Amino acid sequence: MPKAIQYSKGSIIYFEGDRDDRIFILQRGMVLLSSTDIESNEPVSEQVKAGEFFGVKSALGHFQREETATVVQDAIAVSLTVQEFELMFSNNKQLIMKMLRVFSNQLRQIHRKTESILNNVMEDQQTGMLAVAKAFYEDEMYRSACDVYLKFLKRYPDTVRKDEVAKLYADAKLRSERSAQRSKLMDVSDNSSEGSSLPIFSLPAFERFKKVYEPGQVIIAEHEPGDCFYLIQSGNVQLVKCVNGSSKNLDILKPGEFFGEMAILDKSPRSATCMAAGRVECLEFNKENFEILITGNPQIALILLKLFCKRIYDQKRRFRILVVKDLQARLADVFLMLDEMNPAAASKADKVRRFNVTVSDIAHWAGLSLDVTRDEINRLIEKRKIEVYDTYVIVHNIDEMKRMYDTRTQIR
């Protein structure tokens, strides 16, 4: 049962860094959420008003608290378990849409900060889409380049660049066809991917939403307007980001996962390209039926809410790396992040870690050029901190990476 708890002025409900699965609703009084801005390192605070939730993201995502909750005026707050919150959330359509939009907006803000620090802000959506297509073309991913050019022409049929883009599309299409004739090895996916779609989506009523995509086919293109979102039924979907003219792999999505929902909620351009890694079957839902689908199926809304919690946490973790000035400390933090993402199965006494990443992957996470990354990596190799191979890296002592990061960033 939810519990109403009285707090006196000056009380701390929870501290930053705590692990706590409680979610709170402020009934009366005033609570201040205080934390440190990732980029400026300056203190920031947010006031919680009566009737508002707090502690949601860390509780749903099972992460450490990102802020300290201090009572600045005698207060009463209702404490809920995750299960109690889910029940309340599921029965309140207005709350469902409000929280999804709030979390979507938070994720978008972090994304914009990341783009800014990487100097990757496009002048406009059209320029952005053409940059994505060009990056695919230069990587000899002609099928994907062709798809983005075609999407561009459909989205912007009256553009002054129509003839230019049509020629680029024709060239990419010709090269794609030649490539397909030379090799049938593109489809390397395992369509028995782990995970499965939600049982509700197996009903015949959802068959009309089904779409099939071939290997390398672009489902949504970065920077294009967002008017649909998707649920993967089979196969894998590769998330790709165009960073300063180069394509960077972000993640692999598996059956049962959603993508494209953020643009639906905040009416913003796509933040990444999603392409089929092998043959993929998806359900495609448009803006018009999004709210009906979400509010009519609380299970889906909860999945999306938890997905936003994870993506916000992951994006903030990435952003923390990018603001580190010392390059050796930045690389050390990349390895620390990889260790957090892939907890070691070995005993705590074993400090050796193997990460299945390339130097190019590390450069992407660190937001550095490949040449600069290689120089910094070589320094770590010379100090015998790491060993680098074609497809993986060995860190000899993960605790030394933490000490290097702390020392060079002067954390006490």
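As a reminder, the structure under discussion sits directly above these lines.
Along each chain, numbering runs from 1 in the same order as the chain's sequence is written. Whole-chain, interface and lining totals are the exception, using all residues; otherwise, since this is a predicted model, local features are given only for residues with pLDDT of at least 70 and side-chain atom pairs are given and counted only at 80 or more. Note that the side-chain values use all heavy atoms of the structure and ignore hydrogens as well as water.

Draft legend 1. Structural detail: the pattern of salt bridges. Salt bridges are defined by distance alone: a side-chain nitrogen of Lys or Arg within 4 Å of a carboxyl oxygen of Asp or Glu. For the coordinates displayed, the defined rule picks out 27 salt bridges. Residue lysine 113 pairs with aspartate 37 through a salt bridge whose shortest N-O separation is 3.7 Å. With lysine 113 in helix α3 (residues 93-117) and aspartate 37 in the loop between β3 (23-36) and β4 (43-48), this pair connects stretches of sequence that are 76 residues apart. Connected through salt bridges with shared partners, the residues Lys151, Arg155, Glu224 and Asp227 form a single ionic network. Secondary structure counts use DSSP, requiring at least four H or I residues in a row for a helix and at least two E residues in a row for a strand, with both numbered from the N terminus.

Draft legend 2. α3, seen in detail. An expected span of 1.5 Å times one less than the residue number is assigned to each helix. If you check α3, its first and last C-alpha atoms are 37 Å apart, about what 25 residues at 1.5 Å a residue would give, namely 36 Å. In the stretch just after α3, asparagine 119 is the one whose phi turns positive, near 60°.

Draft legend 3. How the structure looks around the packing of aromatic side chains. The aromatic pairing rule takes the rings of Phe, Tyr and Trp, using the six-membered ring of Trp, and pairs them if the centres are within 6.5 Å, calling planes under 30 degrees apart stacked, those over 60 edge-to-face and the rest tilted. Taken as a whole, this structure holds 15 aromatic pairs when the rule is applied. Their ring planes at 10° and their centres at 5.1 Å tell us that tyrosine 230 and phenylalanine 259 sit as a pair that is stacked. Taken as a pair, tyrosine 230 in strand β9 (residues 228-243) and phenylalanine 259 in strand β11 (residues 258-259) lie far apart in primary sequence, 29 residues in all. The pair tyrosine 230 / phenylalanine 259 is uniform in exposure class, with both members buried. Site record: aromatic cluster; members linked through ring pairs are Phe209, Phe229, Phe258, Phe285 and Phe290. Ring-over charges, as used throughout, are those where CZ of Arg or NZ of Lys falls within 6 Å of the ring centre and within 35 degrees of the ring normal. Between the NZ or CZ atom of arginine 65 and the centre of the ring of tyrosine 14, over which it lies, the distance is 4.0 Å. Buried means the residue's accessible area, taken with a 1.4 Å probe over protein chains only, is under 20% of the maximum for its type, while exposed means over 50%, and partly exposed covers the values in between.

Draft legend 4. Focus on helix α13 (residues 398-408). Of all the residues in α13, the buried ones are Ile398, Met401, Met404, Tyr405 and Asp406. Residues of α13 that are buried sit in contact with α10 (327-341), β13 (353-355), α12 (370-382), β14 (386-388) and β15 (393-395). Here a polar contact is taken to be a pair of N or O atoms separated by no more than 3.5 Å, where protein atoms must pair a possible hydrogen donor with a possible acceptor and residues adjacent in sequence count only if both atoms sit in side chains. Regarding α13, its N-cap is asparagine 397, as a side-chain oxygen of that residue lies 2.9 Å from the backbone nitrogen of aspartate 399 further along. Backbone geometry just after α13 places glutamine 410 at a positive phi near 60°. By the convention used here, residues are in contact when the closest approach between their heavy atoms is within 4.5 Å.

Draft legend 5. Layout of the sheet that holds β15. Pairs of strands are assigned from DSSP output, requiring at least two bridges between the strands. Spatially, β13-β15-β14 is the arrangement adopted by the three strands of the open sheet, whose pairing is antiparallel. Looking at which strands have only one partner, the edges of the open sheet turn out to be β13 and β14. Put simply, the sheet's adjacent strands are angled 15° from each other on average, direction ignored. The pairing of β13 with β15 spans three bridges and is classified as antiparallel. An axis is simply a line fitted to the C-alpha atoms; with a helix, the fit covers only the stretch in contact. Between two such axes, the angle follows the N-to-C directions and lies from 0 to 180 degrees.

Draft legend 6. Quick look at the side chain of lysine 57. In this structure, lysine 57 sits in helix α1 (residues 56-61). The charge count treats Lys and Arg as positive and Asp and Glu as negative. His and the chain ends do not count. For lysine 57, which is buried and forms no salt bridge, the nearest opposite charge comes from glutamate 66, at a distance of 4.5 Å.

Draft legend 7. Structural context of the pairing of strand β6 (residues 68-80). Most of β6 sits out of view: 10 of its 13 residues are buried. Where strand β1 (residues 3-7) and β6 come together, five bridges link them in antiparallel fashion. Paired with alanine 4 across the two strands is valine 78, which belongs to β6. Bridge count for β3 against β6 is 10 bridges, and the pairing is antiparallel. Across the sheet, the residue bridging to methionine 30 is glutamine 73, located in β6.

Draft legend 8. Representation of the packing of α10 against α12 in the model. Direction vectors running N to C along α10 and α12 enclose 85°, while the axes themselves pass 10 Å from each other. In terms of their interaxial angle, α10 and α12 are classed as roughly perpendicular. Counted together, Leu327, Gln328, Leu331 and Phe335 of α10 and Val372, Thr373, Glu376, Ile377, Arg379 and Leu380 of α12 form the full contact between these two elements. Orientation categories follow fixed angle ranges, with anything under 35 degrees roughly parallel, anything over 145 roughly antiparallel, 65 to 115 roughly perpendicular, and all other angles oblique.

Draft legend 9. Summary view of the side chain of arginine 318. Relative to the elements of secondary structure, arginine 318 occurs in helix α9 (residues 298-322). Although buried, arginine 318 forms no salt bridge, and the nearest oppositely charged side chain, glutamate 115, lies 7.3 Å from it.

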